[in-house]
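Chain residues, written in single-letter form:
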Amino acid sequence: MSDPDLALELKVNPAELDGCGQSAQHTGGLIPGETSKITEPCNQAATGLRGFLTAVAITNCGTNWKTLLDKLGGDMGDVGTKLATTAAYYRQVEKDVHTSMRNPAAPVPAEPDPFGTTVVPGPVKPSSAKAAE
């Protein structure tokens with residue numbers, strides 16, 4: 001039986017993360033300006049129903065919807081920021097890895113090594129080669 005995890009593949013495209021993040025931030029920023037349009041029609045409807053129990057319910061419904069949608073807008077902005085930060089992180093790690101591969105003396109990223117990798121020493125010259133030097 002084959003291992004199903006072998007078929008899993010993780011690919012990250014920082015440009016797509018950035019694009020999604022910017023879209024989420026933009027959309028989240030638009031929501032509060034639009035939600036202000038909810039309460040006025042609800043208040044007008046409640047005025048027409050003055051004296052009925054539904055008047056208060058309609059007012060509360062509009063207010064609660066505005067509150068929830070405003071929170072959604074804030075959450076979308078926060079998620080957008082996190083996506084953009086993640087994209088920047090991936091770019092920086094790729095740059096650090098590339099630099100360290102080009103220049104082995106370059107500092108390695110300070111992330112902890114979850115595998116406990118040890119440094120393998122370079123090639124050892126045979127004792128006969130040392131004597132010839």
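Predicted, not measured: the structure shown is a model, and the values here were computed from it. (Residues numbered from 1 in each chain as written. Predicted model: local features only at pLDDT ≥ 70, side-chain atom pairs only at ≥ 80, totals over all residues. Heavy atoms only, no water.)

Undergrad: What's the story with the pattern of salt bridges in this structure? I'm lost.
TA: It is possible for side chains of opposite charge to pair when their charged atoms get near one another. Counting across every chain of the model gives five salt bridges. One salt bridge in this structure joins E9 and K11, with 3.4 Å as the shortest N-O distance. Side by side, E9 and K11 carry an identical accessibility label, which is exposed. Between E34 and K37 there is a salt bridge; the shortest N-O distance is 3.0 Å. With E34 and K37 both in helix α1 (residues 14-48) and three residues apart, the pair spans about one turn of that helix. (Salt bridge = Lys/Arg side-chain N within 4 Å of Asp/Glu carboxyl O. Buried < 20%, exposed > 50% of the residue type's maximum accessible area, 1.4 Å probe, protein only. Helix = DSSP H or I, 4+ residues; strand = E, 2+ residues; numbered from the N terminus.)

Undergrad: It is not clear to me how the packing of α1 against helix α2 (residues 53-102) should be interpreted in this structure. Could you clarify?
TA: Describing two packed helices takes the angle between their axes plus the distance from one axis to the other. Between α1 and α2, the shortest axis-to-axis distance is 7 Å and the interhelical angle comes to 170 degrees. Taken as axis vectors, α1 and α2 run roughly antiparallel relative to one another. When the residues that make up the contact of α1 with α2 are grouped by side-chain class, the tally is 21 nonpolar, 16 polar and four charged. (Axes fitted to C-alpha atoms, helices over the stretch in contact; angles between N-to-C directions. Parallel < 35°, antiparallel > 145°, perpendicular 65-115°, else oblique. Nonpolar A, V, L, I, M, F, W, Y, C, P; charged D, E, K, R; others polar.)

Undergrad: Hey, could you run me through the confidence of the model for the chain in this one?
TA: Close reading of the predicted structure is inappropriate where its pLDDT is low. Counting all residues, the mean pLDDT for the chain is 84, and 76% of those residues have values of 70 or more. Mean pLDDT in the chain bottoms out at helix α3 (residues 127-132), which sits at 57, and peaks at α1, which reaches 92. (pLDDT = per-residue confidence, 0-100.)

Undergrad: What should I look at first to understand α1 in this one?
TA: Working note: α-helix, 3.6 residues per turn, so residues spaced by three or four point in the same direction. With 35 residues, α1 ought to run about 51 Å at 1.5 Å a step, and its terminal C-alpha atoms sit 53 Å apart, in line with that. Along its length, α1 shows its largest kink, about 30 degrees, at P32. Among all positions in α1, only P14, L17, D18, G21, A24, G28, I31, T35, C42 and A46 are buried. Those residues of α1 hidden inside the fold are in contact with α2. For α1, the capping residue at the N-terminal end is N13, with a side-chain oxygen 3.0 Å from the backbone nitrogen of A15. (Expected span 1.5 Å × (residues − 1). Bend = angle between axes of the 7 residues up to and from the residue. Contact = heavy atoms within 4.5 Å. Polar contact = N/O pair within 3.5 Å; in protein donor to acceptor, adjacent residues only side chain to side chain.)

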